[in-house]
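These are the residues of each chain, in order.
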Amino acid sequence: MKRVDRYLLARVDLPDSHTLAVYRAHGGYQALEQVLRKPWKPEQVTQVVKDSALRGRGGAGFLTGLKWSFMPDPAKDPRPRYLAINADESEPGTCKDRVLMERDPHGLIEGCLVSAYAMRASTVYIYVRGEYRVSYARLQAAIDEAREAGLVGRRILGSDFSCEIWMHPGAGAYICGEETGLMESLEGKRGHPRPKPPFPAASGLWRSPTTVNNVETIFNVPFLVLRGADWFKALGTKGSTGNFLCGISGHVERPGVYELPFGVTAREILEQCAGGVWKGRRLKAFFPGGSSTGLLPASSVDVVMDHDSVKAAGSMFGTAAMIVLDETASIAQLMEVTLRFYDHESCGQCSQCREGTEWLHQIFRRIVRGQGRMQDLDLLVSLANGMAPAKTICALADAAAIPTLSAVKHFRAELEQCVRLGRDPLATATAQSPEHHEAHA
Amino acid sequence: MALPQTITSELDALVTHYPDRRAALIPALHRCQEQLGGWLSPQTLEDLAAYFGLEPVEVFGVAFFYPMFRLRPRGRHLVSVCHNVSCSLRGAEQLLEHVCKVTGAPVGGTSPDGRFSVVRVECQGACANAPMLDLDGTFHEDLDPERAERILRSAP
């Protein structure tokens, strides 16, 4: 793997990297100044984002510039316009946006301002998951500093552009990372996703035009303004441009968050960044992009990490949160933990998801405990196919079905052996694991 | 009853951030929980409903939906142990077992002396530093049972 030209994490290791003084000393707010002082037209900012082919880093990989272009023409649509930052990072295995928010909050603030300018939004909400208290405090302090310096609020840097940025905490619900669930939650309601269409650009927060973007996505924008689309496209691969943050966790020697160009292989990340599988053991399987993506067997470790290649290998790039399992791990137990999560997080609106996630959880649970039946394997597949694709309001049902199908596809023999033996020989103690999730109250 | 003025004056500022006051409900639930004993009593929820001009059932419905809101009293310290994939691969269940032993609290319950409540939680975004626990809103990461015990024993 060649040397990585880091920009996303270039400032995070500086002392006091979260302060305005350090941010400014390392080129901070130059993109905003360039856009407002030159000045650029808002469409020019959108155009460079389009030309860069930046894809969203929140999991779906949608083209950011295309999403922005769905916002209606302000000349014909006088409604207020909103940018909502999805900082509800909660896909299992994903811990990358936290690094940016805690250690380079001004980078996100500048990205918000430049992006809001492009979309002619005058209000930005940063929806941070409730548990990320350090992220919240660092961002709030950065907003306060920026406001004091005339970078947030009315007539920014003396221009005609005014923009407010408000922090908003979530309260522990995974579903609020889904963009319409996030909007419901921001409006003070249960995080129940909305049917689409209408899409947020047509009718989002308070029925007004809204764009929801992930933290890392927006963090890229000032760099695109300063360095241009060609620089960005020279990093990465044809279909996936730029660098990305990869959080690698589980059975590895050096778990961590690493910045990499698209096009590296999963093996390179595992061996060269994370120091390989821990304890000298062999690789058994890995999630390439969080627990909602298909589990891949060790034989797929040479997959190129970009959206198209991971898809071709039968999984998804997701949030690039690699979760690694060594040869001693139990697939049934992994899946029990995974499905327990989706069972807990289903909002309950759609019956396929509400009932399906619980059923899948219960089946994996009984397989781990040696009470599985041989027909359970087909039942898992049949249930998962009844939940997805695209049979429900949002993709949470898909997120439960996809890893289920991949586990049965690649590890059917191991699951069947648990049934035959009447026990899971690889399982570790789970005596306390709850059958039904505890009422949080 | 009404909410203390320290809280309402904060909320009065908060509601101006949104075109609709109700949007401040979740931040308001957080403020109340932090400042009124670590949980949301039925009285607090009714007071919040009155503040926002909502039916109490609306506020209850929202509070119940979000795992961070606690609707029953709890111990002086709240210990949340992540049991999701990355943590469980690195010993979360053993960590949780030890946390229960050290605190005397069962999972989902409170120790007899009222000092600790212990809960399981889903992924907290500390996956690269697993396993972890959250003690009263502060993350403690890269744990083993011994380190966790030292942290818990030093809680006041």
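Residues numbered from 1 in each chain as written. Chains lettered and ligands numbered in written order. Predicted model: local features only at pLDDT ≥ 70, side-chain atom pairs only at ≥ 80, totals over all residues. Heavy atoms only, no water.

### Observations regarding a nonpolar patch on the surface
Argument step 1. Taken together, the side chains of Phe-62, Leu-63, Leu-66 and Phe-70 of chain A define a hydrophobic patch exposed on the protein surface, amounting to about 350 Å² of accessible area.
Argument step 2. Within the element layout of this structure, Leu-66 of chain A appears in helix H4 (residues 64–69). (Patch = residues over 30% accessible without salt bridge, like charges linked within 9 Å, V, L, I, M, F, W, Y side chains within 5 Å. Areas by Shrake-Rupley, 256 points an atom, 1.4 Å probe, with all protein chains shown as cover. Salt bridge = Lys/Arg side-chain N within 4 Å of Asp/Glu carboxyl O. Helix = DSSP H or I, 4+ residues; strand = E, 2+ residues; numbered from the N terminus.)

### Examining the interface of chain B and chain A
Argument step 1. In this assembly, 45 residues from chain B lie in contact with 60 residues from chain A.
Argument step 2. Together, the buried faces of chain B and chain A total about 4500 Å²; carbon and sulfur atoms form 58% of this surface.
Argument step 3. Our count for the chain B to chain A interface comes out at two salt bridges.
Argument step 4. Residue Asp-134 of chain B pairs with Arg-133 of chain A through a salt bridge whose shortest N-O separation is 3.9 Å.
Argument step 5. Here chain B is connected to chain A by 17 residue pairs in polar contact (both at pLDDT 80 or more).
Argument step 6. Residue assignment for the side of chain B that touches chain A shows that the elements contributing at least two residues are helix H2 (25–35), helix H4 (56–65), helix H5 (85–88) and helix H6 (92–103) of chain B.
Argument step 7. At five residues, the largest contribution of residues to the side of chain B that touches chain A is made by H4 of chain B.
Argument step 8. Of the residues assigned to the side of chain B that touches chain A, the class counts are 24 nonpolar, ten polar and eleven charged. (Contact = heavy atoms within 4.5 Å. Buried area = accessible area lost by both parts, 1.4 Å probe. Polar contact = N/O pair within 3.5 Å; in protein donor to acceptor, adjacent residues only side chain to side chain. Nonpolar A, V, L, I, M, F, W, Y, C, P; charged D, E, K, R; others polar.)

### Describing the domain arrangement of chain A
Residues and elements named next belong to chain A.
Argument step 1. Each assigned domain of chain A is listed with its residue range as follows: domain 1 (20–233), domain 2 (243–326) and domain 3 (331–439).
Argument step 2. The straight-line distance from the C-alpha centre of domain 1 to that of domain 3 is 36 Å.
Argument step 3. Counting from both sides, the interface comprises 13 residues of domain 1 and, opposite them, eight residues of domain 3.
Argument step 4. Of the roughly 840 Å² buried between domain 1 and domain 3 on both sides combined, carbon and sulfur atoms contribute 69%.
Argument step 5. The three residues of domain 1 that bury the most area against domain 3 are Tyr-174, Ile-175 and Pro-193, which together make up 53% of that side's buried surface. (Domains from an automatic or database assignment.)

### Quick notes on the side chain of Glu-131 of chain A
Argument step 1. Its place among the elements puts Glu-131 of chain A in the loop between strand S2 (123–128) and helix H7 (133–148).
Argument step 2. Polar side-chain contacts of Glu-131 of chain A include one of 3.0 Å to the side chain of Arg-129 of chain A.
Argument step 3. Discounting residues that sit within four places of it in the chain, Glu-131 of chain A has contacts with Gly-172 of chain A together with Met-68, Gln-124 and Phe-139 of chain B.

### Observations concerning the sheet that holds strand S4 (residues 210–214) of chain A
The strands making up a sheet associate through backbone hydrogen bonding, with each pair oriented either parallel or antiparallel.
Residues and elements named next belong to chain A.
Argument step 1. Taken in spatial order, the four strands make up an open sheet running S3-S2-S1-S4, and their pairing is parallel. Strands with a single pairing partner mark the edges of an open sheet, and in this sheet they are strand S3 (164–169) and S4. Going from strand to strand, the sheet's axes swing by 20° on average, the running direction of each strand aside. (Pairing = 2+ DSSP bridges. Axes fitted to C-alpha atoms, helices over the stretch in contact; angles between N-to-C directions.)

### Things to note about the packing of helix H13 (residues 351–368) of chain A against helix H14 (residues 376–387) of chain A
Residue and element names in this part refer to chain A.
Argument step 1. The geometry of H13 relative to H14 is characterised by a closest axis approach of 10 Å and an angle of 160° between their N-to-C directions. Our classification of the angle between H13 and H14 gives roughly antiparallel. Once H13 is placed against H14, the crossing between them reads as left-handed. Contacts between H13 and H14 involve Gln-352, Cys-353, Gly-356, Thr-357, Trp-359, Leu-360, Ile-363, Phe-364, Arg-366 and Ile-367 from the first element and Asp-376, Leu-379, Leu-380, Leu-383, Gly-386 and Met-387 from the second.
Argument step 2. Split by residue class, the contact of H13 with H14 holds ten nonpolar, four polar and two charged. (Parallel < 35°, antiparallel > 145°, perpendicular 65-115°, else oblique. Left-handed = near helix turned anticlockwise from the far one by under 90°.)

### Brief notes about the domain arrangement of chain B
Argument step 1. Assigned domains of chain B: these are domain 1 (5–65) and domain 2 (77–153).
Argument step 2. Computed over C-alpha atoms, the centres of domain 1 of chain B and domain 2 of chain B are 28 Å apart.

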